Amino acid sequence: VKVAVRVRPFNDREKQKNPKCCIKMQGPSTLITDPKTGKDRTFTFDYSFWSHDGFTEEADGLLVPSGTQYDDQEKVYNQLGKEVLDNAWDGYHCCLFAYGQTGSGKSYSMIGYGANKGIVPKAMNEVFERMKATTTKDKWYEVSVSMLEIYNECVQDLLADPDKRPSKGLNIRQSKVRGVYVQNLSQHPVPSFEAIEKIMEEGNKNRSIGSTEMNKTSSRAHTIITLSFKQFEIIDGKTTERFSNINLVDLAGSERAKSTKATKERLKEGCNINLSLTVLGQVINVLAEKSMGNKKNAVVPYRESALTRILSNALGGNSKTIMICAISPAELNYDESLNTLKYAERAKKVKNVAVVNESAQDKMIRELREENDKLKKLLMAATQGGAIDMNDPDFLARLGAFGIESKPGTNNPEEEIKEKLEDNEKEVKNMEISWKDKLEEEKKWENEREVQDKTLPHLTNLNEDPQLSGMLYYNLLESPIHVGRKTGNPKPTITIGGIGILPNHCVFEMEPKELPKEEAKEESQEEEKEPDESE
Ligand code: ADP
Ligand code: MG
């Protein structure tokens, strides 16, 4: 695991408090000064990015170095993003994490704001450029994307309709053939950078809707974008395949919950969020120990949280992994920054063994079919006497081999086996449909992008996470417009959810009824002579 640390400028809130900077960077070393004792502590990482000062802002908001010390988005991308792409091209799974307290700059580095585009959009852009430059009739590529969120240990598909989300979230499953996977997570084929941009925009919109409806804060959710990247090449008349999953992970804020202000619900949620991050910490600890040759028999506690289960491969297995640790420069945040640096120090000790992933598809279909045959036999053998003997340790052990977990007397293994069978069959079918056919079917990215004209009357959302603010846009271009819950009567034109929202929350009426749109203006001039009395 390679580790980078990045320090941001003071934010407005910090600036008001006459802040002192407690971070220094010298070459590869990062020094943090304890404000109480004045003592420095030194950490050394693979990369350190100084983005605290030494820059100017251009008219479009782009931050550019004014000297040599400032590390801008371009430099961060060139050092980290390009490496991820190179690895993906070589056929390695890759993973890029952002870790740090809320407001430390995780999203800024990963996604970016406005003109300051982050690693993810820059990398995606380059993926398609490199593809374009190297595609021939003997070499081609297939890219699909999925996007999920883990909130309160519950996994949701960010590219699925928020109305259709299962309330308990998606199941995480494990199979010998497929490894760990999220059941029913949608995968979207993407032919271009524009397509992927649109899909991610939709994901963020769904994230915003989710966060208002549940009254949750995005800083407590983990977001994972996965790019599945396949390369095909005809060599000596034979088609070879290489594939790589690129996981881009924006973790929840690492700050510890301040118990004084937290409500009961928040506290529970806080525990669960911390559960994922705590387990991530434990996983990293055990992996670090193992990498140093200690505790060879220790069990890595991947299974203890949703996040670590989903990322088990990226963390301790077959993946080239980079962690960006974002820290605040302010003395005020000394404790959290120190914690982040300590976390990073452990992460850098982890050694993964990545291998090139070749020619998966046919083999996997065959293996899935074989697994299903075995499952069917097991099911038949088990139910021969009518019911399954849940206390038969031999049977339970055999279930375990299929990744089905059953403790004596708990759940119904018959259901589980059937579900697994269906799941496998679905996957085989899915794999047999060509990427091109899926692309044909998928029109998500083709939807017209909504024009967000902020000079016309509209509603938009505010969110404490700047990444989600302004993501929702509802124009008020007719009259009347009812706003409320799905259950409202009359049915709301704009449906919103969230604490405090009434079934019929409010009505917007406009006078005159016509709108200051260009066409509307022209029309209303013609009608001016005969004003409608009822208006
Ligand atoms: P996080 O995702 O960790 O909660 P954000 O990335 O949203 O934090 O950053 C919080 C604020 O700090 C944003 O307004 C962002 O623009 C600003 N910021 C973060 N990192 C930088 C940086 N390297 N340069 C300039 N501004 C930054
Ligand atoms: Mg963020």
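Given the structure is predicted, the values throughout are model-derived calculations rather than measurements.

(A) Region of interest: the UniProt feature "binding site: ATP" (unreviewed entry) in the protein. According to UniProt, the "binding site: ATP" (unreviewed entry) feature falls on Gly100, Gln101, Thr102, Gly103, Ser104, Gly105, Lys106 and Ser107. The residue glycine 100 is located in the loop between strand S8 (94-99) and helix H3 (106-110) in this model. A residue is classified by how much of its surface remains accessible, and glycine 100, at 0% relative accessible area, is buried. Here glycine 100 is in contact with Lys106, Ala252, Gly253, Ser254, Ala326 and Thr340, once residues within four sequence places are set aside.

(B) Broad picture of the sheet that holds strand S22 (residues 494-495). With mixed pairing, three strands are arranged side by side in an open sheet as S22-S21-S23. Looking along the sheet, the strands with just one partner apiece sit at the ends: S22 and strand S23 (504-508). As judged from the two bridges shared by strand S21 (residues 481-484) and S22, these two strands associate in the parallel manner. Bridge assignment links valine 483 to a residue of S22, and that residue is isoleucine 494.

(C) Structural detail: the packing of helix H2 (residues 73-89) against helix H4 (residues 119-134). Taken N-terminus to C-terminus, the directions of H2 and H4 make an angle of 50°; their axes are 9 Å apart at the nearest point. With respect to H4, the element H2 is oriented oblique. H4 is crossed by H2, and the crossing has right-handed handedness. Judged by residue contacts, Gln73, Glu74, Val76, Tyr77, Leu80, Gly81, Lys82, Leu85, Asp86 and Trp89 of H2 engage Ile119, Lys122, Ala123, Glu126, Val127, Arg130 and Met131 from H4. Across the contact of H2 with H4, the residue classes tally to nine nonpolar, two polar and six charged.

(D) Here's a closer look at H2. Helix length check: H2, at 17 residues, gives a terminal C-alpha distance of 22 Å against a target of 24 Å (1.5 Å per residue), a fit within 8%. Along H2, the helix axis deviates most sharply at glutamine 79, where the bend reaches about 30°. Those residues of H2 that fall on the buried side of the exposure criterion are Gln73, Val76, Tyr77, Leu80, Gly81, Val84, Leu85, Asn87, Ala88 and Trp89. Count one or two residues on from H2 and you reach glycine 91, which has phi positive near 95°.

(E) Representation of the sheet that holds strand S2 (residues 23-26) within the structure. One open sheet accounts for three strands, arranged S2-S3-S4; its pairing is antiparallel. In the strand order of this sheet, the two ends are held by S2 and strand S4 (40-44), each with one partner. Pairs of neighbouring strands in the sheet enclose a mean axial angle of 25°, with direction left out of account. Here strand S3 (residues 29-33) pairs with S4 via five bridges, running antiparallel. Within S4, the position partnered with serine 29 by the bridge is threonine 44.

(F) Examining the packing of aromatic side chains more closely. Counting across every chain of the model gives nine aromatic pairs. Ring plane angle 40° and centroid distance 4.8 Å describe the contact between phenylalanine 55 and tyrosine 70, whose orientation is recorded as tilted. Placement of phenylalanine 55 in strand S6 (residues 55-57) and of tyrosine 70 in the loop between strand S7 (63-65) and H2 is noted, with a sequence separation of 15 residues between them. Judged by relative accessible area, which is 26%, phenylalanine 55 ranks as partly exposed. Pairing tyrosine 99 with tyrosine 343 gives two aromatic rings, centres 3.9 Å apart and planes at 15°, and the pair type is stacked. In this pair, tyrosine 99 sits in strand S8 while tyrosine 343 sits in helix H9 (residues 334-347), placing the two residues 244 residues apart along the sequence. The residues tyrosine 99 and tyrosine 343 share a single accessibility class, namely buried. Here lysine 320 stacks its cationic end above the ring of tyrosine 92, 4.5 Å away from the centre of that ring.

(G) Expanded view of the pattern of salt bridges. A full pass over the atoms with the stated rule returns 17 salt bridges. Between lysine 2 and glutamate 83 there is a salt bridge, with the nearest N and O atoms lying 3.0 Å from each other. Taken together, the residues lysine 2 in strand S1 (residues 2-7) and glutamate 83 in helix H2 connect sequence positions 81 residues apart. On the basis of relative accessibility, which here comes to 33%, the residue lysine 2 falls in the partly exposed class. Two residues, glutamate 345 and lysine 348, come together in a salt bridge whose shortest N-O distance is 3.7 Å. A relative accessible area of 23% means that glutamate 345 is categorised as partly exposed. Judged by its relative accessible area of 31%, lysine 348 falls in the partly exposed class. Residues joined in a network through salt bridges with shared partners are Lys82, Asp86, Glu126 and Arg130.

Parameters at a glance
- Residues numbered from 1 in each chain as written.
- Chains lettered and ligands numbered in written order.
- Predicted model: local features only at pLDDT ≥ 70, side-chain atom pairs only at ≥ 80, totals over all residues.
- Heavy atoms only, no water.
- UniProt positions renumbered as here; feature names shortened; annotations may be inferred.
- Helix = DSSP H or I, 4+ residues; strand = E, 2+ residues; numbered from the N terminus.
- Buried < 20%, exposed > 50% of the residue type's maximum accessible area, 1.4 Å probe, protein only.
- Contact = heavy atoms within 4.5 Å.
- Pairing = 2+ DSSP bridges.
- Axes fitted to C-alpha atoms, helices over the stretch in contact; angles between N-to-C directions.
- Parallel < 35°, antiparallel > 145°, perpendicular 65-115°, else oblique.
- Left-handed = near helix turned anticlockwise from the far one by under 90°.
- Nonpolar A, V, L, I, M, F, W, Y, C, P; charged D, E, K, R; others polar.
- Expected span 1.5 Å × (residues − 1).
- Bend = angle between axes of the 7 residues up to and from the residue.
- Phe/Tyr/Trp six-rings, centres within 6.5 Å; stacked < 30°, edge-to-face > 60°.
- Lys NZ or Arg CZ within 6 Å of the ring centre and 35° of its normal.
- Salt bridge = Lys/Arg side-chain N within 4 Å of Asp/Glu carboxyl O.

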